[in-house]
Amino acid sequence: MILTARQLALATLDRQLLLERQRLDVAEAVRRVCALQAQAPASPYLALWNRVRDFAPEDLDAAFADRRIVKATLMRLTLHAVHAEDYEPYRAAMLSTLRASRLYDRRFTATGLAPTDADALLQELAGFLERPRTGTEVEDYVTGRFGEHAHRVWWALRTYAPVHHVPTGGPWSFTQPNTYRVPPTAPGSAPRESDAGVQWLLLAYLRAFGPASAQDFARFTLLTRPVITQALHKLGDQVVPVAGPGRAALFDLVDAVLPAEDTPAPPRLLPMWDSMLLAHVVPGRVMPEKYRPLVVRRNGDVLPCLLVDGQVAGVWRAADGGLELTTFRKLGKATWQSLTEEAERLSALLVKRDPSVYRRYGHWWDKGFPAVESMTVKG
């Protein structure tokens, strides 16, 4: 059987809990979807609101506070919220990429320091970060060792050193300035090898975004093709080839289940940088190519999207005490009714947390969209 483009989209929507909200503990939900991009503090909350039935933001507050879900720089050199038990293998998979992205960048090499100079500080820094410290406090500490270069040394280390962001309150748990600490270490635990970490991450990725190609996994992680090819080989019969509509070879878990092609996909209001839009090669599973320049801006901002029948159909933003929905194509009356119901529920959540969520990105709307229809909905 050769999967169609719609079947691939539905498979990923299903694994991302976007076909039907599930009644799950928030930590388990995060594990099911592999990772939630957390570049904007609100995004993990809104991602889970789309995926978890009766989602309560307070549950995610608590999971961050008790460290069942942690926030750290991982895939694509970007902040993600991940299940605490996944952090160590994910970091092992990504460490070489994270380290190289900083220690071989001209912003670090211009200091005249060697990578070993930064590495030498790791153990000492771990002791300093046994309790939460702000970035300024860490930089002041590093100044004692590296003087005028402290800022760039800490810029490198906060990406590849084993550090978590600490929740500091506010509507979405994390506020400026960023605060950091080292992960807790389980008694008797040993660091995971890179190869084992890549295999762990690849299985988690396929569980959350499959079926997918090696190129897709590279897009999601920034890992190299040789590293991915080796992981696929070592996983053996845990991963099987799948035939798809394109030329790229697809892989999936051996026991994966695919939804039927006529499965309905309900409307959803995705947050900024939702992983669903970033997990596959361009344009992705749910992004019509002609809409991509409207949603993914040149500087990398990925705007909050409307999903209609499993495809991006527009964008949304907080405005006028509610949500402004803008579509790039004409929608039917029944679709608008479903979108309105979703928007009312999300608006009600935001009123209690942050009615102006993502306000700093409003300039993209000021520049205008080729809007076909628009509506403001209040909760």
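Quantities reported herein were computed from a predicted structural model and do not represent experimental measurements. (Residues numbered from 1 in each chain as written. Predicted model: local features only at pLDDT ≥ 70, side-chain atom pairs only at ≥ 80, totals over all residues. Heavy atoms only, no water.)

Describing the sheet that holds strand β12 (residues 311–319)
Ordered in space as β10-β11-β12-β13-β14, the five strands form an open sheet in which the pairing is antiparallel. Each edge of the open sheet is held by one strand with a lone partner, namely β10 (268–269) and β14 (373–377). Bridge count for β12 against strand β13 (residues 322–327) is six bridges, and the pairing is antiparallel. Residue pairing across strands places valine 315 opposite threonine 326, the latter belonging to β13. Sheet strands touched by helix α15 (residues 333–353): β10, β11 (305–308), β12, β13 and β14. Its angle to β13, the strand with the most contacts, is close to 145°. (Pairing = 2+ DSSP bridges. Helix = DSSP H or I, 4+ residues; strand = E, 2+ residues; numbered from the N terminus. Contact = heavy atoms within 4.5 Å. Axes fitted to C-alpha atoms, helices over the stretch in contact; angles between N-to-C directions.)

Brief notes about the packing of helix α11 (residues 194–209) against helix α12 (residues 214–221)
At a minimum axis distance of 11 Å, the contact between α11 and α12 shows a crossing angle of 105°. In terms of orientation, α11 lies roughly perpendicular with respect to α12. Each of Val198, Leu201, Leu202, Tyr205 and Phe209 in α11 lies in contact with α12, whose residues at this interface are Asp216, Phe217, Phe220 and Thr221. A breakdown of the residues in the contact of α11 with α12 according to their chemical character gives seven nonpolar, one polar and one charged. (Parallel < 35°, antiparallel > 145°, perpendicular 65-115°, else oblique. Nonpolar A, V, L, I, M, F, W, Y, C, P; charged D, E, K, R; others polar.)

Focus: the environment of proline 266
Considering the arrangement of structural elements, one finds proline 266 in the loop between β9 (250–253) and β10. Classification of proline 266 as partly exposed rests on a relative accessible area of 24%. Residues proline 266 and glutamate 20 lie 246 residues apart in sequence; the distance between their C-alpha atoms is 7.9 Å. Apart from residues no more than four positions distant in its own chain, proline 266 is found in contact with Leu18, Leu19 and Leu307. (Buried < 20%, exposed > 50% of the residue type's maximum accessible area, 1.4 Å probe, protein only.)

Let's talk about the pattern of salt bridges
As enumerated under the stated definition, the model contains 22 salt bridges in all. Here arginine 23 ties to aspartate 54 by a salt bridge, and the two come within 2.7 Å at their closest N and O atoms. With arginine 23 in the loop between α1 (5–15) and α2 (26–32) and aspartate 54 in the loop between α3 (43–51) and α4 (57–65), this pair connects stretches of sequence that are 31 residues apart. Exposure remark for arginine 23: the relative accessible area of 56% places this residue in the exposed category. According to the relative accessible area criterion, aspartate 54 is exposed, its value standing at 59%. Across the salt bridge formed by aspartate 66 and arginine 68, the nearest N and O atoms sit 3.2 Å from each other. Classification of arginine 68 as partly exposed rests on a relative accessible area of 30%. When salt bridges that share partners are traced, they join Arg21, Arg268, Glu342 and Arg345 into one network. (Salt bridge = Lys/Arg side-chain N within 4 Å of Asp/Glu carboxyl O.)

Observations concerning the sheet that holds strand β7 (residues 212–213)
If you walk across this open sheet you meet the three strands as β7-β9-β8, and the pairing is antiparallel. Of all strands in the sheet, those with a lone pairing partner are β7 and β8 (239–242), marking the two edges. Where β7 lies against β9, two bridges are found, and the strand directions are antiparallel. Directly across from serine 213, in β9, lies its bridge partner leucine 250. Sheet contacts for α11: β7, β8 and β9; angle to β9, the most-contacted strand, approximately 95°.

What to know about α1
Within α1, eight of the eleven residues are buried, which leaves it mostly tucked inside the rest of the structure. Within the span of α1, buried status applies to Gln7, Leu8, Ala9, Leu10, Ala11, Thr12, Leu13 and Arg15. The inward-facing, buried residues of α1 abut α2, α11, β9, β11 and β12. Where α1 terminates, the next one or two residues include leucine 17, which has phi positive at roughly 65°.

What to know about the nonpolar core
Core analysis: the biggest nonpolar cluster contains 71 residues, and Trp316 and Leu325 have the highest contact counts within it. Top contributing element to this core by residue count: α15, with six residues. Counting 56 residues, the second largest nonpolar core, distinct from the first, contains Cys34, Tyr87, Ala118 and Trp155. (Core = buried A, V, L, I, M, F, W, Y, C linked by side-chain atoms within 4.5 Å.)

Let's talk about the environment of leucine 122
Structurally, the position occupied by leucine 122 is in helix α8 (residues 122–128). Apart from residues lying up to four places away in sequence, leucine 122 is in contact with Leu157, Tyr160, Ala161 and Pro162.

What about the packing of aromatic side chains?
Counting across every chain of the model gives 14 aromatic pairs. Ring plane angle 90° and centroid distance 5.1 Å describe the contact between tryptophan 154 and tyrosine 180, whose orientation is recorded as edge-to-face. Of this pair, tryptophan 154 sits in helix α10 (residues 150–160) while tyrosine 180 is found in strand β6 (residues 179–181), placing the two residues 26 residues apart along the sequence. Comparing tryptophan 154 with tyrosine 180 shows no difference in burial state: the two are buried. Note on tyrosine 205 and phenylalanine 217: the rings are 5.1 Å apart at their centroids and 50° apart in plane angle, and the pair reads as tilted. One end of the pair, tyrosine 205, is in helix α11; the other, phenylalanine 217, is in helix α12, and twelve residues separate them in sequence. Using a relative accessible area of 0% as the deciding quantity, one classes tyrosine 205 as buried. Here a set of aromatic residues connected by ring pairs shows up, and it is made of Tyr45, Phe64, Trp172 and Phe174. Sitting over the face of the ring of tryptophan 49, arginine 21 holds its NZ or CZ atom 4.7 Å from the ring centroid. If you follow arginine 133 out to its NZ or CZ, it ends over the ring of phenylalanine 128, 3.8 Å from the centre. (Phe/Tyr/Trp six-rings, centres within 6.5 Å; stacked < 30°, edge-to-face > 60°. Lys NZ or Arg CZ within 6 Å of the ring centre and 35° of its normal.)

Function cannot be read off these values alone, since they describe shape.
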